[in-house]
Amino acid sequence: MTDTTVNPQSLPAGFVLAPQLPEILRPVTIRRGFLGFLRGHPTVAIGGALLLTLVLIAIFAPYLGSVDPTALAPAKRTRAPSADFWFGTDVLGRDIYSRVLFGARVSLTVGLSVAIFASAAGLAIGMVSGFIRWADGILMRFMDGLMSIPPILLAIALMALTRGSVGNVILAITVAEIPRVSRLVRSVVLSLREQPYVDAAVACGTRTPMIILRHILPNTVAPMLVQATYICASAMITEAILSFIGAGTPPTIPSWGNIMAEGRALWQVKPYIVFFPAAFLSVTVLAVNLLGDGLRDALDPRMAKSL
Amino acid sequence: MALLEVDNLQTHFRTPGGINRAVDGVSFHVNEGETLAIVGESGCGKSVTSMSLMRLIPEPPGRIAGSIRFAGKDLLKLSDREMRAIRGNDISMIFQEPMTSLNPVLTVGRQIRETLMIHQGLDKQAAEAHAIEMLTLVGIPEPGRRVREYPHQLSGGMRQRVMIAIALACNPKLLIADEPTTALDVTIQAQILKLMLDLKRRVGAAIILITHDLGVVAEIAERVMVMYAGRKVEEAPVAELFRSPRHPYTQGLLGAVPRLGSSLTGTARRLAEIPGQVPDLRKPIVGCVFAGRCALATDLCRQYAPGLEEKGPRHIAACHYSAKGAVAA
Amino acid sequence: MLSYILRRIAATLPVMAIVALFVFSLLYIAPGDPAVVIAGDQASPEDVERIRQSLGLDRPFLVQFGSWVWRILHGDLGTSIFTNLPVSAMIGQRLGPTLSLMIVTLLLTIVVAVPLGVVAAWKAGSLIDRVIMGFAVFGFSLPVFVVGYMLAYIFALELEWLPVQGYTPLSSGFWPWLENLILPAIALGCVYIALVARITRASMLEVLQQDYIRTAKAKGLGQGGILFIHALKNAAVPIVTVIGIGIALLIGGAVVTESVFAIPGLGRLTIDAILRRDYPVIQGIVLLFSFVYVLVNLMIDVIYTLVDPRIRY
C-alpha cells in the first residue's frame, strides 16, 4: 500500500499521484511478551502446562485422596475401577490410583536426574574432546563403541549387574545417554571454534577457559536444553521398560513400569491395571516431547532442521 | 505488439514480523524479441518480480495479485496444470547461481531431457539426442560424454551453459535471466553474455534480464526499468537512461558505477554512494519510497507518493520534481 | 568400490574392539566379586567357586579378555550358566522370530514413514502437515508396550482380526507368519516411523528450499516429479542415516515387544538371561546386537554412494 493518510485533492496541480493499491493479504498480528510467545508456540504452552500438572501431582501425591500405595489388601484383589478404588486394585489388593500417583515421582525423578546428569557429563566430555586434540581421538572412539550398543540394551546390561534401585536405574540410563550428548556438544564446539569471533578472541590472547565461558558455553545452552528434554522423555520410557521387564526399579517401589509389569499376566482380563499407568506414562512423555519440540522451534529456527 | 504485459503486479508475503510488500504495483511490458533489463539493488523486488511472472512464489505465505498477460492469456488465472505447460516451454528461466541451480544427484543429460520429454513429448532417445545438440549449441566440448556427468564434475561457467541449454531447449518465446553472470568470474561473464546474445538472435526470444550490473545492461539491453523498494521508479530506452537519468535514485545508481580508466584520464571522482537505508517493506510507506534517502525530497514527497510521469521520449519516472527542472526547497 | 568397503570394514574394527572390551569388562565394573555377582544372592560358596573356575575368573584380566576374544572369533560365545548349553546355539534358536519381526518392522517403517514425511514437507504448515507431525509426536511418546497392549486389545481381543500373541515360523506359510507379526511390527514400528517421518520432513524441507528445486519447477515439472525424483534423492542421505541409527531403537524395542506378544525371540532370551543373571548369554546378546548394528550402519555407508554421486569412495 502506498498512502492512505492524505487526501489526493490537496496535491498541487501538475503533480501525479501514485495509484492506490489494495491490500492482498490479511494483516499479521505481531505477538510480543511472554503470553505472546506462548500463543505463537502453543506446543510449549500445552507441554509446559501438562508437565507442571504432573509435577504437582507427584509432589502432592499423598494429599490427593490417595492411600498407602504399598498397603496390601488380599480381600480386595483385582477390583475394577469404582467410587472406592478410582483406578481399581491390583493382584495384591493395592489401590492403583495411589500407586499411579506415587509412580509419577519415580518417573519424573528418573527423567529429570538423567537429563541433568547426562547433560553435565556430556557437556564435560564434549568440551574436552572439542578442545583437546589428543583426548578427542580416544574419547570419541570410546563413545563410538558405546553408541554401537543400543541404549536400552546397554542399560539392561548395566542393570543386570547391580541390584535394582532408583539410583542404579538413573546411573544405567545416564551412561547409555552420555555418548549422544557428548557427540552433540563436540559438534557444537567444533563449529563454534570455526566462528570468526572465536578466532578473534584467540588472536587477542584470550585464555581458553575464558573463551569457553564467554563464547562456547552460552551457545551450547540452547541445543543442550532441547536435547535435555528429549533425554528426559527417553529416560522415562527406558525406566518404564526396565521396570516392566524386571530389571529396573525394585518391585517394592510403585513405578509405572512396575505396575504394568504386575498387571501384565492379567492384561487380557483386567486391562485397567495396565491401562492407567500406561496412560499416565504416555501423557507425561508426550508433555516433555511437546515442550522439547516447542523449545527447539522457538530457540533456534535453524536448529529445527538439524534435529 | 506486446508479448508480455504486466499490470499492477503485487507480490506480498506474510512473515512473523508483518506483511512484506516485496513487489507493490509494478507495471511493464516486453515486446516480442526485445530485451528488457530490470535493475536495482538487492532486495528491491526484481527477483521476486521475475519469480512472480513464472508463478514460482510459494502461496502461502506469498500472494500474487494484478495481471500478467502473456500472449493473450492472464497467467494468474491459469490452473496449475496450464501454468506448468508454459513453464520451461514458452517462458523459461536462468538463475543466478549455476553452482546450486542444477540438481546434484541427477546427470546433466537427464536434466536437459526432462524439459523435452514433458513439453515436446519426445521419447528418451530423441530427447537424449536433442540434449547433446543443445550442449553443442551452448559450446560445451565433448557433449556426448558430458550428458552422462553430474553437475559437480563441471565448472561454474559450464554449469551456466547447461542452464542456458535447459532454458532454450524448447525454443521459449520469453527467457527470464535472473543475474545470470553475477556468480561467475569476469572472463566467463563475457562469454556467457555473448552466448546469450547469439542464441537470442538465433531463437528470436524476448529476454528479461535481471541484474544490478549496469555494465551488462549497457551491453545487451534495449530498454531498462529501474526498481526501488518493490516499485518501478523509472523506465527508458537504454541510451536515454544512461544519458539523462531522471529519478534521483537512478542518478545515484549511475553515479555509483566505477568508471574503468577514469583515473588514467584524470576524470576520477569518488564513487558516489547513496546515503541512508532502504525502507522496511513490512511497514506501510507514506509518500515517496525514496524520500528518506533523496537529496531533493520535500514535505510534499514525504506525504504524496509520486506516480509515473512522462519525462522524455518513451521515458517515464516516478518523481515529483526531476522533470520540472528547478527544485523548490 | 571393493576397496572402499574393505576400508570401511577396517574402520569399524576398533569400534567392535571397544564394544567387546566394554561387554567383557561389564562384570568387573560391577561392585564386588564378579563370581558372586553372577552366582546371585542365594548362591553357596561352592557355587561361587564353580563359577569362578568355569569362567576362568581367577586369571589376570587381560589374559581372560584375550582368551575370551579368541574364543569369540572362533564362534564360541561361551556356555550358559543356567542351561549349560552353548550361548551361540541358544541365540541361533531364537534368531528367526527376532529377525522376522525386525525385517517386517523395517519394511513397514520405510513404506509408511517416508511418504508421510514427504507429504508433510510438501504441505508444510498446512492441516495435513500438522496432523502427520502430531501423530509423529504421539508415536514418539507412546512407549512400545503401551502401543502393543492397545493394539492387541483392540484388534485381537475385541475385533478378533489378528492373533493376540505367539509366533509361527515362515516355514509354516507366509500368511500365518505375517499374521502374527502385524501387530508387533506396528507396535515396534511406532517410534521408528515417527523418527523417520520427522527426519524425512526436515530433510525434505531443507531440500525443497534449494535452488535446483526452483529450477525443476521453472522447467514445468509436476509436483510428483519434483518431490520424488528431484527432492527425495537429495534428501535421502539423512533419511538413510536415521533409518540406520534407528535400528538401535528396533533392537531395544524388540526386547519389550517380544515380551508383550509372547514371541520366542532374542528379546525374550535377554529378559530371561537378566532375571537369571546368566552373564555369558547377556554378553553374547549384547555383542551380537552391537555387531548387527555396526554392520547395518556399514551397509548404509555403502548405500550413500549409490544415492549421492558426490560421495566418492
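The rules behind these values
- Residues numbered from 1 in each chain as written.
- Chains lettered and ligands numbered in written order.
- Predicted model: local features only at pLDDT ≥ 70, side-chain atom pairs only at ≥ 80, totals over all residues.
- Heavy atoms only, no water.
- UniProt positions renumbered as here; feature names shortened; annotations may be inferred.
- Helix = DSSP H or I, 4+ residues; strand = E, 2+ residues; numbered from the N terminus.
- Rg over C-alpha atoms; globule rule 2.2 N^0.38 Å.
- Buried < 20%, exposed > 50% of the residue type's maximum accessible area, 1.4 Å probe, protein only.
- Contact = heavy atoms within 4.5 Å.
- Areas by Shrake-Rupley, 256 points an atom, 1.4 Å probe, with all protein chains shown as cover.
- Axes fitted to C-alpha atoms, helices over the stretch in contact; angles between N-to-C directions.
- Parallel < 35°, antiparallel > 145°, perpendicular 65-115°, else oblique.
- Expected span 1.5 Å × (residues − 1).
- Bend = angle between axes of the 7 residues up to and from the residue.
- 1 Å grid on protein atoms, 1.4 Å probe; cavity = no way out; pocket = protein on both sides within 12 Å on 5 of 7 lines; lining within 4 Å.
- Points joined across faces, edges and corners; volume = space filled by probe spheres on them.
- Nonpolar A, V, L, I, M, F, W, Y, C, P; charged D, E, K, R; others polar.
- Pairing = 2+ DSSP bridges.

- Looking at an unreviewed UniProt entry, one finds chain A named ABC transporter permease, with Bradyrhizobium frederickii as its source organism.
- UniProt, in the comment section headed Sequence similarities (unreviewed entry), describes chain A in these words: "Belongs to the binding-protein-dependent transport system permease family."

**Observations concerning the overall build of chain B**
- What chain B contains, in helices and strands, is 12 helices and 12 strands.
- In terms of overall size, chain B behaves like a compact globule, its C-alpha atoms giving a radius of gyration of 21 Å where 329 residues would be expected to give roughly 20 Å.
- Within the span of chain B, comprising 329 residues, buried residues form 57% of the whole.
- When contacts within chain B are restricted to residue pairs at least 6 apart in sequence, those whose partners lie at least 24 apart make up 63%.
- Counting every atom, chain B has about 13900 Å² of accessible surface; 52% of that belongs to carbon and sulfur.

**Some points on the side chain of Thr11 of chain B**
- For Thr11 of chain B, the location among the structural elements is in strand 1 (residues 2-15).
- If sequence neighbours within four positions are ignored, Thr11 of chain B has contacts with Asn20, Arg21, Ala22, Val23, Val48, Ser52, Ile57, Arg63 and Ile64 of chain B.

**Here we look at the packing of helix 10 (residues 223-260) of chain C against helix 11 (residues 266-275) of chain C**
All names here are of chain C.
- Direction vectors running N to C along helix 10 and helix 11 enclose 90°, while the axes themselves pass 7 Å from each other. On the basis of their axis angle, the class for helix 10 and helix 11 is roughly perpendicular. Listed contacts from helix 11 to Ala254, Val255, Glu258 and Ser259 of helix 10 are Leu266, Gly267, Arg268, Thr270 and Ile271.

**Brief notes about helix 8 (residues 174-208) of chain C**
- In this model helix 8 of chain C runs just 40 Å from its N-terminal to its C-terminal C-alpha over 35 residues, more than 12% under the 51 Å that 1.5 Å per residue would give.
- A bend of about 45° at Gly189 of chain C is the largest found in helix 8 of chain C.

**Concerning unusual backbone geometry**
- Unusually for a residue other than glycine, Glu142 of chain B sits at a positive phi of about 50°.
- Residue placement: Glu142 of chain B occurs in the loop between helix 5 (124-137) and helix 6 (143-146).
- Relative accessible area serves as the criterion here: at 48%, Glu142 of chain B is assigned to the partly exposed category.
- Look at Ala262 of chain C: it is not a glycine, yet its phi comes out positive at around 50°.
- Tracing the sequence through the fold places Ala262 of chain C in the loop between helix 10 and helix 11.

**A look at empty space enclosed by the protein**
- Evaluated as defined, the whole model comprises four cavities of 30 Å³ or more.
- Volume-wise, the largest cavity comes out at about 70 Å³.
- Gly88, Ser92, Met93, Phe95, Thr115, Met163, Ile166 and Ala167 of chain B together with Thr215, Ala218 and Lys219 of chain C together form the lining of the largest cavity.
- Secondary structure elements with two or more residues in the lining of the largest cavity: strand 6 (91-94) and helix 7 (156-168) of chain B together with helix 9 (211-218) of chain C.
- Among the elements that take part in the lining of the largest cavity, helix 7 of chain B stands out by supplying three residues, more than any other.
- When the residues that make up the lining of the largest cavity are grouped by side-chain class, the tally is six nonpolar, four polar and one charged.

**Structural notes on the sheet that holds strand 7 (residues 174-178) of chain B**
All names here are of chain B.
- In space, the eight strands of this open sheet follow the order 6-7-8-3-9-10-12-11, with mixed pairing throughout. Pairing within the sheet leaves two strands with one partner each, and these edge strands are strand 6 and strand 11 (309-312). Here the average twist between neighbouring strands, direction ignored, is 25°.
- Summarising the sheet, strand 10 (residues 231-237) and strand 12 (residues 315-317) pair through two bridges and their orientation is antiparallel. When the sheet's bridge partners are listed, Glu234 is paired in strand 12 with Ala317.
- Sitting on the sheet, helix 1 (residues 46-53) is in contact with strand 3 (35-39), strand 6, strand 7, strand 8 (206-211) and strand 9 (223-228), with an inclination near 150° to strand 8.

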